[in-house]
Amino acid sequence: MEAATTTAPGPVSRAPERRLPPSPPLPKPVQTAIWSRQARRLLYACQDRYGDMFTIRVAYEGTWVMLADPAAIKQVFTGDPNLLHAGAANIVLLPVLGEHSVLLLDEPEHMVQRKLMLPSFHGKRMQAYGDVMARAAIEEIDRWPTDSPVRMRSRMQAVTLEVILRAVFGVDEGERLTRLRDQLRGTLNFISDPRRAVFMVLLGPERLRRVPWFRRKLQQVDRLIFEEIAARRGASDLAERDDILSLLLQATHEDGSPMGDRELRDELMTLLVAGHETTATGLSWAVELLARHPAELGRLEADVDDGDGSYLDAVIKETLRLRPVIALVLRKLVEPMEIGGRLLPAGVSVAPSIYLVHRRPDVYPEPERFRPERFLEQPAGTYTWIPFGGGVRRCLGGAFAEFEMSVVLRELVARRKLRPGGGEAEHPVRSTITNVPSRGAEVIAASRNGARPGV
Ligand code: HEM
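Heads up: these notes are all about the structure in this document. (Residues numbered from 1 in each chain as written. Predicted model: local features only at pLDDT ≥ 70, side-chain atom pairs only at ≥ 80, totals over all residues. Heavy atoms only, no water.)

## Some details on the pattern of salt bridges
Here the structure, examined in full by the defined rule, presents 38 salt bridges. Residue Arg 393 pairs with Asp 106 through a salt bridge whose shortest N-O separation is 3.1 Å. Placement of Arg 393 in the loop between α16 (374-377) and α17 (398-415) and of Asp 106 in the loop between α3 (94-97) and α4 (107-117) is noted, with a sequence separation of 287 residues between them. Residue Arg 393 shares its accessibility class with Asp 106, and that shared class is buried. (Salt bridge = Lys/Arg side-chain N within 4 Å of Asp/Glu carboxyl O. Helix = DSSP H or I, 4+ residues; strand = E, 2+ residues; numbered from the N terminus. Buried < 20%, exposed > 50% of the residue type's maximum accessible area, 1.4 Å probe, protein only.)

Structure, rendered in structure tokens:
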């Protein structure tokens, strides 16, 4: 029997639109200037006007198609990574991170590095770092005054650097720790200074590599890292150690070969740069928000004193939702691709917007409110809670960061009573990599009655 397909209308299959989504009618330099000073306002204004998909043009970065719709974000995160490149977006960091860095590679080379590193960051492994994290937090908290404001951002940077030195590099004490700490802090200060970042972008990776003072700085820090790698390779207790450098030294490529010194150096530097300022920023926001929300702080204190930690987890999730450390992630299209009902040309970057998707009222009622309870009522969605990005590029250190935030906050809330350092609630401003509290998260951390003694 012949099917009656000639007369009955089939399903309406709409051809995708071939134009880029709408863009603000402003010249590129003006869009760039607004983006660099008032990114959030630009995003909100464009979303109000154009909806969940619009175009922004930023000098030195190219054309970005912003996405705020979870279905389109899912398409990006589950799409073919050979056609959606992420490494190119971070290329400005090449001279510091090096060519083996998992952050900078794409296609099979990226998966090779990612597979080598993934086991070290498995959720269950995190427990091994709990003591190191608690010790770093307590040593730092014990130095703070009880009656005058403390700037959380720099204090939390000290904690997260210490944690990386001990849990990632596996250096615990002595002269080597001091030297490494000083050199790494210098490198991090260099990257996180926004004026230097502009300089790095303008110069480009190749020319920056040839600048003598930059080369000298990097050589100093590399010498220490290579010394550490050599010493650890020969360590008699290598197999029993659980710091990440020791685990990477025991990891092998598919052909059984170990990671080379350059490869190890590049990944250690990547973990330092990707994991230090980000986690410190997340922690600063958590403290800033808690200090201004006494009811939520009270509930957290009760949870830390004798709860099961689920409220603490919800506080961390809500902090990273409301104050995402990173505003967006980028994927550059290698070929034309249909996303969100539009055929986008090769060469543009699609940008799942962490800011915008985290503020969708259909997913998060009263989106501007700090309300950790929402994560007790519903779990975080894979494509609607994306502070760590997603897909095969999802942050390798996501579980590490959430665990570190929970350990540090637990120790802080058990010991100190938080209140704002004064002034209005702080708003996010752009640092080089992260969106930080405008005054560095100033809080007063008074003593708390019945504080637990140090571990
Ligand atoms: C609150 C803290 C952190 C935030 C908000 C954060 C956020 C992110 C984001 C948004 C990405 C890009 C994901 C994508 O493109 O889809 C990323 C990648 C990455 N992060 Fe994190 N991160 C944090 C902490 C850490 C820590 C502690 C480490 C390691 C110690 C780390 C290591 C990495 C690495 C290696 C990548 C590259 C993954 C890849 O390209 O395959 N991050 N992170």
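## Digging into the coordination of the iron atom of the ligand
Its sole protein donor being Cys 395 (SG), the iron atom of the ligand sits 2.2 Å from that atom. The topology assignment puts Cys 395 in the loop between α16 and α17. (Donors = N, O, S within 2.8 Å, 3.2 Å for Na, K, Ca; no water.)

## Thoughts on the environment of Val 407
Inspection of the secondary structure puts Val 407 in helix α17. Between the C-alpha atom of Val 407 and that of Glu 377, which follows or precedes it by 30 residues, the distance is 23 Å. Other than its neighbours up to four places away in sequence, Val 407 contacts Gly 130, Met 133 and Ala 134. (Contact = heavy atoms within 4.5 Å.)

## Considering the packing of helix α7 (residues 175-192) against helix α10 (residues 212-233)
Packing of α7 against α10 brings their axes to within 10 Å, and their N-to-C directions diverge by 140 degrees. For the pair α7 and α10, the crossing hand works out as left-handed. Along the contact surface, α7 presents Arg 176, Arg 179, Leu 180, Gln 183, Leu 184, Thr 187 and Phe 190, while α10 presents Trp 213, Phe 214, Gln 220, Val 221, Leu 224, Ile 225, Glu 227, Glu 228 and Ala 231. Here the residues of the contact of α7 with α10 are counted per class, giving nine nonpolar, three polar and four charged. (Axes fitted to C-alpha atoms, helices over the stretch in contact; angles between N-to-C directions. Left-handed = near helix turned anticlockwise from the far one by under 90°. Nonpolar A, V, L, I, M, F, W, Y, C, P; charged D, E, K, R; others polar.)

## Describing a nonpolar patch on the surface
A grouping of Tyr 60, Val 201 and Leu 202 is seen on the molecular surface, where their side chains present a nonpolar patch of about 330 Å² in accessible area. When you line up the elements, Tyr 60 lands in the loop between β1 (53-58) and β2 (62-67). (Patch = residues over 30% accessible without salt bridge, like charges linked within 9 Å, V, L, I, M, F, W, Y side chains within 5 Å. Areas by Shrake-Rupley, 256 points an atom, 1.4 Å probe, with all protein chains shown as cover.)

## Some points on the pairing of β1
Of all six residues in β1, five are buried, a share of seventy percent or more. Note that β1 and β2 share six bridges and pair antiparallel. Note that in β2 the partner of Met 53 across the bridge is Leu 67. Connecting the antiparallel pair β1 and β2 is a turn made up of three residues, with Tyr 60 showing a positive phi of about 70 degrees. (Pairing = 2+ DSSP bridges.)

## Considering helix α6 (residues 152-168)
Helix length check: α6 (17 residues) gives 23 Å between terminal C-alpha atoms against 24 Å at 1.5 Å per residue, within 8%. Most of α6 is tucked away, with 13 of its 17 residues classed as buried. After α6 finishes, the residue Gly 170 shows a positive phi value of roughly 75 degrees. (Expected span 1.5 Å × (residues − 1).)

## What to know about the environment of Val 171
Along the chain, Val 171 turns up in the loop between α6 and α7. You can call Val 171 buried: its relative accessible area is 5%. Sequence separation between Val 171 and Val 392 is 221 residues, and the spatial gap between their C-alpha atoms is 30 Å. Beyond its immediate chain neighbours, meaning those up to four positions away, Val 171 contacts Leu 165, Arg 166, Arg 176, Leu 177, Leu 180, Glu 228 and Arg 232.

## Some thoughts on the pairing of strand β12 (residues 442-447)
Buried residues dominate β12, accounting for five of its six residues. Relative to β12, strand β4 (residues 150-151) runs antiparallel, the two being bridged by two bridges. Of the residues in β12, the one forming a bridge with Arg 151 is Glu 442. Direction of pairing for strand β9 (residues 416-420) relative to β12: antiparallel, over a ladder of five bridges.

## Observations concerning the site of the ligand
Surveying the vicinity of the ligand reveals 25 residues, the closest of which are His 110, Arg 114, Arg 331, Arg 393 and Cys 395. Within the backbone of Gly 390, one N or O atom sits 3.1 Å away from an oxygen atom of the ligand. Listed by contribution, the elements that provide at least two residues to the shell around the ligand are α4, α12 (261-291) and α17. Ranked by residues supplied to the shell around the ligand, first place goes to α12 with five residues. (Near = heavy atom within 4 Å. Polar contact = N/O pair within 3.5 Å; in protein donor to acceptor, adjacent residues only side chain to side chain.)

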